[in-house]
Amino acid sequence: MNQSDKQKEDLSEIFVQVKDIDEQIYCLIIDILRKAKISDCIGFLSNIDNQKQLNEQLKVHQDLGIINFKKMTNIIQQIQDHNFNKYNYSEEIYIDIKKDLIKNISKQQKIIQFFQFLIRLTAFDQTLIQCGSNSLHLLVEMKVELGNQNFENIKVYNTSLVGANFVRCNLSGSQFENVDISGLNLNGAKLFNCKWKNIKIQMLNILKGHTQAVLSVCFSPDSSTLASCSGDKSIRLWDVKTGEQKSKLDGHTSIVYSVCFSPDGNTLASGSGDKSIRLWDVQTRKKIAKFVGHTKEVHSIFFSSDGTTVASFSEDKSIRLWNTKTGEQKSKLHGHQDLATRVCFSPDGTILASCSYDSCISLWDVKTGQQISKLDGHTSIVYSVCFSPDGTILASGSYDSCISIWDVKTGEQISKLNGHSDSGVVSLICFSPDGFTLASGDCSHSIRLWDVKTGLQKFKLNGHTSTVYSVCFSPDGTALASSSQDMSIRLWDVKIETQKSKLDGHNNLVKSVCFSPDGTTVASGSEDKSIRLWNTKTGEQKSKLHGHTNAVYSVCFSLDNSTLASGSDDKSIRLWDAKTGKQKSKLLGHNNTVYSVCFSPDSSTLASCSGDKSIRLWDVKTGEQKSKLDGHTSTVYSVCFSPDGDTLASGSDDMSIRIWDVKTGKQKFKWDGHFSFVKSICFSPDGTLLSSGSREKAVRLWDVKTGKIKFKLNGHSDCVLSVCFSPDGTTLASGSRDKSIRLWNIKTGKQKYKLDGHFSSVNSLCFSTDGQKLASGSSDKSINLWDVKTGKQKYKLNGHFSSVNSVCFSTDGQKLASGSDDSSIHMWDVKTGIQQYTLDGHSNRVRSVCFSPDGATLVSGGYDNSIRLWDVKTGLQKFKFNGHTNWVQSVCFSPDGTTLASSSFDTSIRLWDVKTGQQKFQLDGHTNDVISVCFSPDGKTLASGSGSRHPLKQTDNSIRIWVAKTGKQKLKLDGHTSWVQSVCFSPDGTSLASGSSDKSIRLWDVITGQQQAKLDGHSNFVYSVCFSPDGNTLASGSSDNSIRLWDVKTRQQKVKLDGHSNKVISVCFSPDGNTLASGSNDDSIRLWDVQTRKEIQFKDNSYQDMQQQFQSNFIRESQNINFTILLISKQKLFQAQGAQIYKGEFVNQQGIGLKALFKQLGSLILDNYEELQQN
């Protein structure tokens, strides 16, 4: 056995051992090490006295003990002694070991949890840094979900994190050393007091200042200064290390096309549309000469290697050589038959190369002014020429998408570099100082680096949002500068070795995207003829569906999640099994491109539209055509069913929208109003509105009943290609050829946000079923997932990174527990509003939290199907109850604390013995999801509320009353017409309150089962109801973003509390009744004074409070930023929008600070905290 195989075997054997380790022990060890401030993990855990002490602390954890600690210590010791803790496993020599390892462990959750444990150990133990770093690298390679996690104080050395998704992670106090962070997603991350040194990252900085396209960039000979020129008529000098603008040189009266430093760096030459060439003194920033002679615009200038001559090439088709000392014209070269593009001196200054619109390259003898040779081979405009450093090779870039390599002596073409074929124009090329690499820029916004010897592309740099006009290597070869029509200059680190892993994805335009109904999958259709299914959490491609023989224009999931439909340019529609990815059927009938497909709400019918001007309805089961709807006089681009399935809308190239009766197939209405073709239509969830997007750049909202335009939404600067309503109907998203996505408020018709990030047309949009994510597909070949948060968020208790689903006061009123979609539970001090600690353990959303009557225990239930009991004092997990087969929606202690009730989306209610953890009863009776449970004050009765997520299932919107001792049903209360979201007994146990998705609150007599009252006022779903301790007041929280207090006796609304900017999901009174807590989908918790009916404000005056509460205006503003939470693309882009940076240092391998880059990418730099506190 060779050493490599032995290493693989040893490592695999170590990792196999953790399969028997309970995941709870990881949290316990981390918590103990943090509190005891231990720096030697193995030494601490190996000590017998410490083991005894730990065992005593863990007596409450009946499933854990000293055996696990001994085993854990042994495993950590083996890892510490292994090469896994000595060498960088991201290096190429470990590819085979890593590949086999990932293959064996990628689906083993226990080993993944162990990796996360090793990463967190680096915060305490210096001796385990490399194994923790390698663990993080492997998690990134396996595309394990890392977002929304706490990685405070971790240390990561000598590894690659290329493409890692740390969106909204807390990385405060982290130390990175020699880490490749290219393509990292740090959107929304918290980066307080970090120490990141010797960092590898492709993009070094973004320099902004020009107000028009930046046409040329050039490094000074010492690499310290970068010169740039622009269509704004200015020249600017930049400090390469800091990214700061050093000076602005004004003087030209038209576009400045080209800049070039003299060999000694003291002089800068510029060529302009004002027909002149100017020389500038770099030190004084003053003009020292002006050369006049050209009769048209000067497009290119270049210094000779000795600095005595400047060559210029003009639109007047002439090349002129100028004496830099006297300013006199030395010679004038004629030969090109069309407009000029570029000139370039050979390194020894004896030859001049030029290229032109005439597709030719000319080589000139500088002394004689005679043409030496003419290089033919390009089939279109040649935009750029560049000599290799040794002068033996000439490279040229052309509009024909090719780069040609020429032998200067013979004039023969040596090779041809292809790779820009999907983008067209090669705008500019440049050799690296060592001559081994060639850089090229193109009109598809990318830069490519080529290996000159092999002719192979080394890697591709993405970041610009428009045509790249210029590329230039620094003389020391460490950096590359690029300029673009997007008005920016970008600096790139070109010494970073690229990751040799295959990044799969579409290789052509993405035409359509669609979320699966359960939100776990995004389907995409592309011009590359394929359909791909993606995991929405990790961005990993799940499968690739082949079958279509041409571009796929539309994809759509059926509401029952069983089928995916696709329409194509091959004129066919195909139905796919959404689980297996296998083709179920092929529907033929259209005789032109199928542009759109849409399932009816009951999934029985599929509508399609085509370039053949027709709409067709298909039977999904049989695949037979049911009917053909004719009426449009040109291509039909979009079809959409109304929510009730009775109506179909269509949008067409004939500029009309038509409304059809699905049963009869007859046209009901024709709406005219657009002045160009209608590309996309979408019904609002309630069916009252229809939105349409058109080539005329506007979005229109139509009243479905009257057919009249309600709003015309203006803002896009190009054709609107896609429109989509959010599930709650309050927001409309629109995507356009102008590369932007806009979110609109449906009530006001005003724009809420503009989402930028795509580099080309946004062709398709789709909201996830919970409305929290928006998927977008673009002609830039990528799919973006966006976190869609609306309104201003004024946080008071901050810390959660996602929706707060449940809040509960401790029995003494001093603590408040909160459970969130970020999978965590936070414990808060009610007086100060400061977060005391976080309970981590759930692997999915936490839906419900509840204190035991004695306040010593907290129970939580979540989407990982588990129930967990926590020790309130220590914050340690005591038990984990398993049994439910679907999400746990609600948990509640009995008044005596001996029994726990839980309800689940598996339609069952379960009663648990709190002491033993054993299940006492399973209460069956509900036929749909059980959303809420509540014990009566005497503990003898249990109430439950139900509803269905699936509109196709039989609905159970009932409340049921159960005998707690026997588990038998006593009563069934019917009345609500939609989900029963919340139930709550009055303190005297005689009444039950219920809140429902039918927008109403109802009061019931518990003995008779009769409805006592119906409280109306909320304008959307009622998610939570809670009685005050004296029983006189009922609080309710709703999807209309409000909290309402009701007088129980009079049944009248007492007050409406506004403040939350999204759904209020949970409300809870303090034991004394003076305070009300609320948790919301805006990620915040608020405390309200019940007497004054005002929100309680907290003051924070310390840095520690700033860490915990994010109280400054700047930080609150950061929560309003809409950013990409997942980018599905072949190319990995570094992202840091909304990241919060406080002090610390971020420095790359060349000693360049990266804070300027972070700031340009949308991060908030919070270094001046004193100034922040004044805002």
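Higher on the page you've got the structure.
In this report, the structure presented in the accompanying data block is examined. What you are looking at is a predicted structure, and each value in this text was computed from that prediction instead of being measured. (Residues numbered from 1 in each chain as written. Predicted model: local features only at pLDDT ≥ 70, side-chain atom pairs only at ≥ 80, totals over all residues. Heavy atoms only, no water.)

**Some points on the overall build of the chain**
Here is step 1: Helix and strand counts for the chain stand at 12 helices and 91 strands.
Here is step 2: Radius of gyration (C-alpha) of the chain: 33 Å, near the 32 Å computed for a compact globule of 1175 residues.
Here is step 3: Taking all 1175 residues of the chain together, the buried fraction comes to 62%.
Here is step 4: In the chain, once contacts between residues fewer than 6 apart in sequence are set aside, the share between residues at least 24 apart is 47%.
Here is step 5: Within the chain, one finds 136 positive and 119 negative side-chain charges whose respective centroids are separated by 3 Å. (Helix = DSSP H or I, 4+ residues; strand = E, 2+ residues; numbered from the N terminus. Rg over C-alpha atoms; globule rule 2.2 N^0.38 Å. Buried < 20%, exposed > 50% of the residue type's maximum accessible area, 1.4 Å probe, protein only. Contact = heavy atoms within 4.5 Å. Lys, Arg positive; Asp, Glu negative; His and termini not counted. Charge placed at Lys NZ, Arg CZ, Asp CG, Glu CD.)

**Here's the deal with the pattern of salt bridges**
Opposite charge on two side chains lets them pair, provided their charged atoms get close.
Here is step 1: Applying the stated criterion across every chain, the model contains 25 salt bridges.
Here is step 2: The closest approach of N and O atoms between Arg448 and Asp442, which form a salt bridge, is 3.6 Å. An identical accessibility class is assigned to Arg448 and Asp442; each is buried.
Here is step 3: The salt bridge partner of Arg910 is Asp906, with a shortest N-O separation of 3.5 Å.
Here is step 4: Residue class for Arg910 comes out buried when judged on its relative accessible area of 9%.
Here is step 5: A relative accessible area of 15% means that Asp906 is categorised as buried. (Salt bridge = Lys/Arg side-chain N within 4 Å of Asp/Glu carboxyl O.)

**A closer look at the sheet that holds strand 62 (residues 824-829)**
Here is step 1: If you trace the four strands from one edge of the open sheet to the other, you get 60-61-62-63, paired in antiparallel fashion. The sheet is open, and its two borders are formed by strand 60 (804-809) and strand 63 (835-840), each paired with just one other strand. The mean inter-strand angle of the sheet, taken between neighbouring strand axes irrespective of direction, is 20 degrees.
Here is step 2: Across five bridges, strand 62 lies against strand 63 in antiparallel orientation. Within the sheet, the bridge partner assigned to Ile825 lies in strand 63 and is Leu839. (Pairing = 2+ DSSP bridges. Axes fitted to C-alpha atoms, helices over the stretch in contact; angles between N-to-C directions.)

**Regarding the side chain of Ser1038**
Here is step 1: One can find Ser1038 in strand 81 (residues 1033-1038).
Here is step 2: For Ser1038, a relative accessible area of 0% gives the class buried.
Here is step 3: Polar contacts involving the side chain of Ser1038 include one to the side chain of His1018, which spans 3.5 Å.
Here is step 4: What Ser1038 contacts, discounting residues up to four positions off in sequence, is His1018, Asn1020, Phe1021, Val1022, Tyr1023, Lys1063 and Val1064. (Polar contact = N/O pair within 3.5 Å; in protein donor to acceptor, adjacent residues only side chain to side chain.)

**Focus: helix 7 (residues 109-121)**
Here is step 1: For helix 7, with 13 residues, the first-to-last C-alpha span of 19 Å sits near the 18 Å given by 1.5 Å per residue.
Here is step 2: Taking burial as the measure, the 13 residues of helix 7 include 10 buried ones, the bulk of the element.
Here is step 3: Within the sequence span of helix 7, burial applies to Ile111, Ile112, Gln113, Phe114, Phe115, Gln116, Phe117, Leu118, Ile119 and Leu121. (Expected span 1.5 Å × (residues − 1).)

**Details of the sheet that holds strand 71 (residues 919-923)**
Here is step 1: Spatially, the four strands line up as an open sheet ordered 68-69-70-71, and their pairing is antiparallel. At either end of the open sheet lies a strand with only one pairing partner, and these are strand 68 (888-893) and strand 71. Strand-to-strand twist across the sheet, computed as the mean angle between neighbouring axes with direction ignored, equals 20 degrees.
Here is step 2: In this structure, strand 68 lies alongside strand 69 (residues 899-904), joined through five bridges in antiparallel fashion. By the bridge assignment, Ser890 is partnered in strand 69 with Ser903.

**Topic: the nonpolar core**
Here is step 1: Membership of the largest hydrophobic core comes to 103 residues, with the highest contact counts inside it found for Phe166, Leu186, Leu191 and Trp196.
Here is step 2: Residue contributions to this core peak at eight residues, all from helix 7.
Here is step 3: For Trp196, the contacting residues outside a window of four places in its chain are Leu171, Ser174, Gln175, Phe176, Ile181, Leu186, Leu191, Glu1145, Phe1146, Val1147 and Phe1158.
Here is step 4: If you look at the next biggest cluster of nonpolar residues, it comprises 20 residues, including Val510, Val513, Phe515 and Trp576. (Core = buried A, V, L, I, M, F, W, Y, C linked by side-chain atoms within 4.5 Å.)

**Concerning the environment of Trp744**
Here is step 1: Among the structural elements, Trp744 can be located in strand 55 (residues 741-745).
Here is step 2: Placed 407 residues apart in sequence, Trp744 and Gln337 show a C-alpha to C-alpha distance of 53 Å.
Here is step 3: Apart from residues lying up to four places away in sequence, Trp744 is in contact with Leu713, Asn714, Gly715, His716, Thr730, Thr731, Leu732, Ser734, Gly749, Lys750, Gln751 and Lys752.
Here is step 4: Here Ser734 takes part through its side chain, which lies 2.8 Å from a polar atom of the side chain of Trp744.

**Some words on the packing of aromatic side chains**
Here is step 1: A complete count under the given rule lists 27 aromatic pairs for this structure.
Here is step 2: Ring centres 5.4 Å apart and planes at 20 degrees place the aromatic pair Trp671 and Trp702 in the stacked group. In this pair, Trp671 sits in strand 48 (residues 667-672) while Trp702 sits in strand 51 (residues 699-703), placing the two residues 31 residues apart along the sequence.
Here is step 3: Among the residues examined, Trp702 registers a relative accessible area of 1% and is labelled buried.
Here is step 4: Judged by centre distance (3.7 Å) and plane angle (10 degrees), the ring pair of Tyr863 and Trp887 falls under stacked. One end of the pair, Tyr863, is in the loop between strand 65 (857-862) and strand 66 (867-871); the other, Trp887, is in the loop between strand 67 (877-881) and strand 68, and 24 residues separate them in sequence.
Here is step 5: For Tyr863, a relative accessible area of 10% gives the class buried.
Here is step 6: On the basis of relative accessibility, which here comes to 26%, the residue Trp887 falls in the partly exposed class.
Here is step 7: One aromatic cluster is present, built from ring pairs that chain together Phe15, Phe84, Tyr87, Tyr89, Tyr94, Phe114, Phe115 and Phe117. (Phe/Tyr/Trp six-rings, centres within 6.5 Å; stacked < 30°, edge-to-face > 60°.)

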